[in-house]
Amino acid sequence: MPLYDFRCKPCGEEFEALVRPSHAPACPSCASADLERLLSGFSFSVRSGGLSNAARRAVQKQQAGQKADHAAFQEEIEKKHLDDD
């Protein structure tokens, strides 16, 4: 089963999907089957050690979530500190 990169035409989401002969992929964000197959970043990532676009976005999304969690935690600490004074 080959792994391909896709872009959803309706919502713009980019993702990777394993493509089975009897199953067409769908967008994980909006479930649309109106997809554009992109040139795979696999050969680039193997040669250069870089991440595919989908992997890079996943890391950025995770880091953004961690930043938001850290900011909320910091705000909670500051609020508790002010309440103790």
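Because the structure is predicted, anything quoted here is derived from the model rather than measured.

**Some thoughts on unusual backbone geometry**
Peptide bonds are mostly trans, and most non-glycine residues show a negative phi.
Reasoning step 1: Positive phi, normally seen in glycine, also occurs at Ala 31, with a value near 70°.
Reasoning step 2: Within the secondary structure, Ala 31 sits in the loop between strand 2 (14-18) and strand 3 (35-38).
Reasoning step 3: With a relative accessible area of 58%, Ala 31 lands in the exposed category.

**Observations concerning the state of the cysteines**
Reasoning step 1: Enumeration over the complete set of coordinates arrives at zero disulfides.
Reasoning step 2: Just so you know, Cys 8 is unpaired, no disulfide at all, and the nearest cysteine sulfur is the one on Cys 30, 3.5 Å from it.
Reasoning step 3: Among the residues examined, Cys 8 registers a relative accessible area of 1% and is labelled buried.
Reasoning step 4: In this structure Cys 27 is not part of a disulfide, and its nearest cysteine sulfur, from Cys 11, lies 3.7 Å away.

**A word on the nonpolar core**
Reasoning step 1: Membership of the largest hydrophobic core is limited to seven residues, which are Phe 6, Cys 8, Phe 15, Ala 17, Val 19, Cys 27 and Leu 35.
Reasoning step 2: Elements with a contribution of two residues or more to this core: strand 1 (3-8) and strand 2.

**Some details on the confidence of the model for the protein**
Reasoning step 1: For the protein, mean pLDDT is 80; residues scoring 70 or higher make up 84% of the total.
Reasoning step 2: Looking at the elements of the protein, mean pLDDT is at its lowest for helix 1 (residues 42-48), recorded as 49, and at its highest for strand 3, recorded as 90.
Reasoning step 3: Residue range residues 43-47 is modelled with pLDDT below 50. Its contacts to residues more than four positions away, or to other chains, number seven contacts.

**Here we look at the packing of aromatic side chains**
Reasoning step 1: Taken as a whole and judged by the stated rule, the model has two aromatic pairs.
Reasoning step 2: With a centroid separation of 5.8 Å and an interplanar angle of 25°, the aromatic rings of Phe 6 and Phe 15 are classed as stacked.
Reasoning step 3: Its relative accessible area of 8% is what places Phe 15 among the buried residues.

**Some points on the sheet that holds strand 2**
Reasoning step 1: Sheet architecture is open: three strands sit in the order 2-1-3, paired in antiparallel fashion. Every interior strand has two partners, whereas the edge strands, strand 2 and strand 3, have only one. For this sheet, the mean inter-axis angle between neighbouring strands, taken without regard to orientation, is 40°.
Reasoning step 2: Two strands pair when backbone bridges link them, and strand 1 and strand 3 are joined in this way by four bridges, in the antiparallel orientation.

**Section: the environment of Asn 53**
Reasoning step 1: Residue position: Asn 53 is located in helix 2 (residues 53-84).
Reasoning step 2: Asn 53 gets classed as partly exposed once you look at its relative accessible area, which sits at 43%.

Thresholds, definitions, all that
- Residues numbered from 1 in each chain as written.
- Predicted model: local features only at pLDDT ≥ 70, side-chain atom pairs only at ≥ 80, totals over all residues.
- Heavy atoms only, no water.
- Helix = DSSP H or I, 4+ residues; strand = E, 2+ residues; numbered from the N terminus.
- Buried < 20%, exposed > 50% of the residue type's maximum accessible area, 1.4 Å probe, protein only.
- Disulfide = S-S within 2.5 Å.
- Core = buried A, V, L, I, M, F, W, Y, C linked by side-chain atoms within 4.5 Å.
- pLDDT = per-residue confidence, 0-100.
- Contact = heavy atoms within 4.5 Å.
- Phe/Tyr/Trp six-rings, centres within 6.5 Å; stacked < 30°, edge-to-face > 60°.
- Pairing = 2+ DSSP bridges.
- Axes fitted to C-alpha atoms, helices over the stretch in contact; angles between N-to-C directions.

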